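Residue-level structure breakdown
The residues making up each chain are set out below.
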Amino acid sequence: MAVLAAAVILLGGLVLVNLLLTGAVIRKLRKIAKETSAGRPESAGLAVGAEVPAFSARTVADTKVGADDLAGAPTLVGFFSTDCRHCLPKAPVFAATAREAEAAGVRTLAVIVAGQEEPADLLAALADDVRVVVESEGGAMTGAFEVAAFPSFFLVGPDATVTATGHEPDRLLPAPSRAR
């Protein structure tokens, strides 16, 4: 009977040590996850300060657009994918932001990456407020901006360098450009 009691006490102690170690590991993993997410950039693509590399594309209105066209004035560029469930709800937000931006002298351009679905819904949501490029996956603009997540938005400065990136287009514009 004494051996049984000693075994139960020993096993109880081991279980208690195991719980303490498990709790410590969980706290450490939470701390690492918090530090990692805090250092993660908001947008997956060209970093702020990066120069937009050369590219050539055509809008749906059949006008040529290239990296040189981004120089001279700020340009808000939005990337959408037909396979992205978050893109269609963001398209009207981008169109509204584009109207505000254009009034403040900021040009706008949207890029729709045509995947499995047709781009008609995104084109309709963007309406006539924005110049639109439709390209296939791995297209010239998506490659130039190194877009890896959709929707992604970039504010390109007059010197053709990225000045802001994010997943919310209205947060990229300077405060005077936003009428809220």
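You'll find the structure just up there.
Summarised in this report is the structure supplied together with it. (Residues numbered from 1 in each chain as written. Predicted model: local features only at pLDDT ≥ 70, side-chain atom pairs only at ≥ 80, totals over all residues. Heavy atoms only, no water.)

Details of the overall build of the protein
What the protein contains, in helices and strands, is four helices and seven strands. Secondary structure elements of the protein occur, N-terminal to C-terminal, as α-β-β-β-α-β-α-β-α-β-β. For the protein, the C-alpha radius of gyration of 25 Å lies well beyond 16 Å, the compact-globule estimate for 180 residues. In terms of its C-alpha atoms, the protein occupies a principal-axis envelope of roughly 90 × 35 × 35 Å. When burial is assessed residue by residue, the protein has 37% of its 180 residues classed as buried. Considering only residue pairs separated by 6 or more positions, the protein has 66% of its internal contacts joining residues 24 or more positions apart. (Helix = DSSP H or I, 4+ residues; strand = E, 2+ residues; numbered from the N terminus. Rg over C-alpha atoms; globule rule 2.2 N^0.38 Å. Buried < 20%, exposed > 50% of the residue type's maximum accessible area, 1.4 Å probe, protein only. Contact = heavy atoms within 4.5 Å.)

What to know about a nonpolar patch on the surface
The grouping of M1, L4 and V8 at the surface amounts to a nonpolar patch, some 390 Å² of accessible area in total. Relative to the assigned elements, V8 resides in helix α1 (residues 2-39). Look at V8 and you get exposed, because its relative accessible area is 53%. (Patch = residues over 30% accessible without salt bridge, like charges linked within 9 Å, V, L, I, M, F, W, Y side chains within 5 Å. Areas by Shrake-Rupley, 256 points an atom, 1.4 Å probe, with all protein chains shown as cover. Salt bridge = Lys/Arg side-chain N within 4 Å of Asp/Glu carboxyl O.)

A word on the packing of aromatic side chains
Here a ring pair, both rings aromatic, is described through the centre-centre distance and the interplanar angle of the planes. Inspection of the entire model under this criterion finds seven aromatic pairs. A centroid spacing of 5.6 Å and a plane angle of 75° characterise the contact between F80 and F94, whose relative ring orientation is edge-to-face. Here F80, found in strand β3 (residues 75-81), pairs with F94, found in helix α2 (residues 87-103); they are 14 residues apart in sequence, far enough to count as distant. Since its relative accessible area comes to 0%, F80 is described here as buried. Here the aromatic cluster, defined as three or more aromatic residues joined through ring pairs, consists of F55, F79, F145 and F154. (Phe/Tyr/Trp six-rings, centres within 6.5 Å; stacked < 30°, edge-to-face > 60°.)

Some words on α2
Given 3.6 residues per helical turn, the α-helix brings residues three or four places apart onto the same face. Compared with an ideal rise of 1.5 Å per residue, which puts 17 residues at 24 Å, α2 spans 24 Å between its outermost C-alpha atoms and is within 8% of the ideal. Among the residues of α2, those classed as buried are C87, K90, A91, F94, A95, T97, A98 and A101. Packed against the buried residues of α2 are β3, β4 (107-114), α3 (120-126) and β6 (152-156). Phi turns positive, to about 90°, at G105, one or two residues after α2. (Expected span 1.5 Å × (residues − 1).)

Description of the pattern of salt bridges
Following the criterion strictly, the structure yields two salt bridges and no others. R58 serves as the salt-bridge partner of D62, at 3.9 Å between the closest nitrogen and oxygen. Judged by its relative accessible area of 54%, D62 is exposed. Taking the relative accessible area as the measure of exposure, R58 reaches 47% and is therefore partly exposed. The residue E168 makes a salt bridge to K90 at a minimum N-O spacing of 2.5 Å. One end of the pair, E168, is in the segment after β7 (162-166); the other, K90, is in helix α2, and 78 residues separate them in sequence. Overall, the relative accessible area of 18% leaves K90 in the buried class.

Brief notes about the pairing of strand β5 (residues 131-136)
Moving residue by residue along a regular strand, the side chains alternate between the two faces of the sheet. Of the strand pairs in this sheet, β4 and β5 are connected by six bridges, and their pairing is parallel. In the strand pairing of β5, L109 is matched with R131. (Pairing = 2+ DSSP bridges.)

Re the sheet that holds β3
With mixed pairing, five strands are arranged side by side in an open sheet as β5-β4-β3-β6-β7. Each edge of the open sheet carries a strand with a single partner, namely β5 and β7. Sheet twist, expressed as the average angle between the axes of neighbouring strands with direction ignored, equals 20°. The sheet contact formed by β3 and β6 spans five bridges and is antiparallel. Bridging from a neighbouring strand, G78 pairs with F153 of β6. α2 rests against β3, β4 and β6 of the sheet, and its axis sits at about 165° to β3. (Axes fitted to C-alpha atoms, helices over the stretch in contact; angles between N-to-C directions.)

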